[in-house]
Amino acid sequence: MFVKLCGLRTEADVATAVTAGADAVGFVFTASPRQVEVEQVRKLLTGVPAHVLSVGVVHGISAAEAGELARSAGVDALQLHGSYDAAAFAELSDFRLLRATALTADTDVRTGAFGEEWLLLDSPQAGSGERWDLGALERTRPSGQWLLAGGLSPSNVAEAIAAAQPWGVDVSSGVESSRGVKDHGRMREFVAAARAGS
C-alpha cells in the first residue's frame, strides 16, 4: 500500500513522515491552512530521502504558475487538485503528475487519462476531513495506480482500504491535532494502520 502524508509544514513533520515509512510527502503551495512558501519547502526537502516522493500540491492557479512554483521548490512531482483540464497536464508533462479530483458522474477514472502517473480521488471539499460515499466506486471503478483520500484517519483507513481497494492512500487533516498542525503520533498510527489493512 502506497502511503502519502500531505500538508507537511515543519522539519519535524517531514522527519516523522520519513521514519514512519511514508512513500510520499506533500507540500501545499496554494492558499490553505497548510500552505508553505517555496523557500520553506526547499529547506524541508533536505530531510526527504531519495526513495520518498516529494509532491507539490496546487489548486486554483494556472499550470504555468504551478510549474514555476514546483521547479523553484525542487519537488519530484506535482499534484493538480481540482478542475484542471488535459491541456494543463500536457503543459506540465516534464513533471511526474497526480490528478486529484472528486468522483462525479463525469470524472474520468482511468489513471493516465490526462497524462498523469497517478489518480487521486478525494472528497468534494478537499482538505476538509469529510468522508465521501465509497459506495460510488461500485458503479465507477478506477483503473491503474490510484489513491484514496478524503476523511481518512488512523481509525478508519483499514476499513476504507478494504472497501475501496485502492493502490494507495493519502491523508492530511486526519493526522492533525488542529487545522494545519500535524499530530506526529497520528501520522505514525496512520501509516501502520494503512499497511496493516492492505
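Calculation rules
Residue positions within a chain follow its written sequence, with the count starting from 1. Side-chain atom pairs in this predicted model are given and counted only at pLDDT of 80 or more, local residue features only at pLDDT of at least 70, and totals for whole chains, interfaces and linings cover all residues. Heavy atoms from the whole structure form the basis of all side-chain values; hydrogens and water molecules are not counted. Counting from the N terminus, the helices are DSSP H or I runs at least four residues long and the strands are E runs at least two residues long. Contact between two residues is taken to exist if any of their heavy atoms lie within 4.5 Å; hydrogens are not considered. When charges are counted, Lys and Arg are positive and Asp and Glu negative, with His and the chain ends excluded. To locate a charge, take NZ of a lysine, CZ of an arginine, CG of an aspartate or CD of a glutamate. Burial classification: accessible surface area is computed with a 1.4 Å probe over protein chains only, and a residue below 20% of its type maximum counts as buried, one above 50% as exposed, and the rest as partly exposed. The convention used is that axes are lines fitted to C-alpha atoms, helices contributing only their stretch in contact, and that angles between N-to-C directions extend from 0 to 180 degrees. By definition, any crossing whose near helix is turned counterclockwise from its far helix by less than a right angle is left-handed, and any crossing with a clockwise turn is right-handed. When residues are grouped by polarity, Ala, Val, Leu, Ile, Met, Phe, Trp, Tyr, Cys and Pro land in nonpolar, Asp, Glu, Lys and Arg in charged, and all others, Gly among them, in polar. Paired strands are those between which DSSP finds at least two bridges. An expected span of 1.5 Å times one less than the residue number is assigned to each helix. Think of it as the arc spanned by the lines of direction from the helix axis to the C-beta atoms.

**Structural notes on the overall build of the protein**
The number of helices and strands found in the protein is six helices and 10 strands. Projecting the C-alpha coordinates of the protein onto the three principal axes gives extents of approximately 45 × 40 × 30 Å. Nonlocal contacts in the protein, meaning residues at least 24 apart in sequence, comprise 54% of its contacts between residues at least 6 apart. Mean positive and mean negative side-chain charge positions of the protein (17 and 24 charges, respectively) differ by 4 Å.

**Looking at unusual backbone geometry**
In this structure, Q165 is a non-glycine residue whose phi angle is positive, near 55 degrees. With respect to the helices, strands and loops of the structure, Q165 is situated in the loop between helix 5 (157–164) and strand 8 (168–171). Accessibility expressed as a relative area gives 53% for Q165, which makes it exposed.

**Some thoughts on the packing of helix 5 against helix 6 (residues 184–196)**
Their axes nearest at 8 Å, the elements helix 5 and helix 6 cross at an angle of 35 degrees. With respect to the hand of their crossing, helix 5 and helix 6 are arranged in right-handed fashion. Here V157, A158 and I161 of helix 5 come into contact with helix 6, specifically with F190, A193 and A194. The residue makeup of the contact of helix 5 with helix 6, split by class, is six nonpolar, no polar and no charged.

**Observations regarding the pairing of strand 6 (residues 118–122)**
Most of strand 6 is tucked away, with five of its five residues classed as buried. Every second residue of strand 6 is oriented toward a common face, with W118, L120 and D122 on one face and L119 and L121 on the other, all of them buried. Bridge analysis of strand 5 (residues 96–102) against strand 6 gives five bridges, and the strand direction is parallel. Looking at the pairing, T101 lines up with L121 of strand 6. Pairing of strand 6 with strand 7 (residues 146–148), which is carried by three bridges, proceeds in the parallel orientation. Bridging from a neighbouring strand, L120 pairs with L147 of strand 7.

**Side note on helix 6**
A turn of α-helix holds 3.6 residues, and therefore any two residues three or four places apart point the same way. Taking 1.5 Å of rise per residue, 13 residues should cover 18 Å, and helix 6 covers 19 Å from first to last C-alpha, within 8% of that figure. For helix 6, the complete set of buried residues consists of M187, F190, V191, A193 and A194. Projected onto a plane normal to the axis of helix 6, the buried residues spread over an arc of 170 degrees and lie on a single side. The secondary structure elements touched by the buried residues of helix 6 are strand 1 (2–5), helix 1 (11–20), helix 5, strand 8 and strand 10 (181–182).

**A word on the pairing of strand 2 (residues 24–28)**
Most of strand 2 sits inside the fold, with five of its five residues counted as buried. What you see with strand 2 is no split at all: A24, G26 and V28 on one side and V25 and F27 on the other are buried throughout. With two bridges joining them, strand 1 and strand 2 adopt parallel strand pairing. Bridge pairing in strand 2 places K4 opposite A24.

**With respect to the environment of L148**
Residue position: L148 is located in strand 7. Distance in space between the C-alpha atoms of L148 and D108 is 15 Å, their sequence separation being 40 residues.

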